[in-house]
Amino acid sequence: MLVSAKEMLTKAKAGKYAVGQFNINNLEWTKAILLTAQEMNSPVILGVSEGAGKYMCGYTTIVGMVNGMIKELNITVPVALHLDHGSYEGCYKCIEAGFSSVMFDGSHYPIDENVAKTSELVKVCAEKGLSLEAEVGAIGGEEDGVVGTGECADPAECKMIADLGVTMLAAGIGNIHGKYPANWQGLSFDTLDAIQQKTGDMPLVLHGGTGIPEDMIKKAISLGVAKINVNTECQLAFAAATRKYIEDGKDLQGKGFDPRKVLAPGFEAIKATVKEKMELFGSVGKA
Ligand code: 13P
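Residues numbered from 1 in each chain as written. Predicted model: local features only at pLDDT ≥ 70, side-chain atom pairs only at ≥ 80, totals over all residues. Heavy atoms only, no water.

(A) Summary view of the site of the ligand. Around the ligand, 14 residues are found, and the nearest of them are D84, G178, G208, T210 and T232. Measuring from an oxygen atom of the ligand, one finds a side-chain N or O atom of H177 at 3.1 Å. Expressed as a share of its isolated accessible area of 310 Å², the protein-covered part of the ligand is 99%. Those elements that provide at least two residues to the shell around the ligand are β3 (79-86) and β10 (225-230). Looking at the shell around the ligand, its residues break down into one nonpolar, 11 polar and two charged. (Near = heavy atom within 4 Å. Polar contact = N/O pair within 3.5 Å; in protein donor to acceptor, adjacent residues only side chain to side chain. Areas by Shrake-Rupley, 256 points an atom, 1.4 Å probe, with all protein chains shown as cover. Helix = DSSP H or I, 4+ residues; strand = E, 2+ residues; numbered from the N terminus. Nonpolar A, V, L, I, M, F, W, Y, C, P; charged D, E, K, R; others polar.)

(B) Molecular detail of the packing of helix α8 (residues 189-199) against helix α9 (residues 214-222). The interhelical angle for the contact between α8 and α9, taken along N-to-C directions, is 20°, at an axis separation of 10 Å. Considered as vectors, α8 and α9 are oriented roughly parallel to each other. Helix-helix and strand crossings are classified by hand; for α8 and α9 the assignment is right-handed. Residue-level contacts link F189, L192 and Q196 of α8 to M216, K219, A220 and S222 of α9. Counted by class, the contact of α8 with α9 contains four nonpolar, two polar and one charged residues. (Axes fitted to C-alpha atoms, helices over the stretch in contact; angles between N-to-C directions. Parallel < 35°, antiparallel > 145°, perpendicular 65-115°, else oblique. Left-handed = near helix turned anticlockwise from the far one by under 90°. Contact = heavy atoms within 4.5 Å.)

If you want it as structure tokens, here you go:
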């Protein structure tokens, strides 16, 4: 059964570790992440962007697939199915379809409008027992065609949004989606520290988990980050493993063209990436 992310993140914040959000793209992706979470005895959050939602034939298809897998694969660790960077309308669609968690990304609105829309969703999610993530300070990079520049959130605005009663808060601290450019300045720990001081127990979310050095990840967790999003890194691992299979000519040998065989190395590569992240984030054994 899908669960809200509230309990797993409250425990993570108190225990000074982070739960990984891994974005899904298809059946193989979802299966790889769920099986790894179970093997690691770790809670997990499956992230779905609106673009990936469309690609996978809509939110109800995804809910059906994930619930089916939880049952058929005997997944007993806590699993949240979460809309990533949702629009206001997208949140309602996911709530309707049976997601257990949503993110409303109102960071591109003026703060008053972000507050108003987030407040509405706080009410709806509370009624249904779902977790809600809000965002302050746009997180840069390119994700599903949404482009933004790296920003550091204003800690006072973070407090304003946190006080509305959201479950977790994503705040820009110089992080960006996708690969980090060579001239990246790194995370702003001063900003993170100021945000955590203003928001107290609120689990903070670090987006753009791909390519952040291990020491920065650990420091971010020590300063209140309890959820870390990883997307691009699984895509890179999947693509590299698939490329190797084809370049080695494996699809031309015997029944190597069978899609179950073609996709197997990429599947294993996602599993290895997720395992590595769960170990780094400290969520192993915390289910
Ligand atoms: P990356 O693709 O950089 O790992 O970021 C993922 C993310 O933050 C999803 O919201």
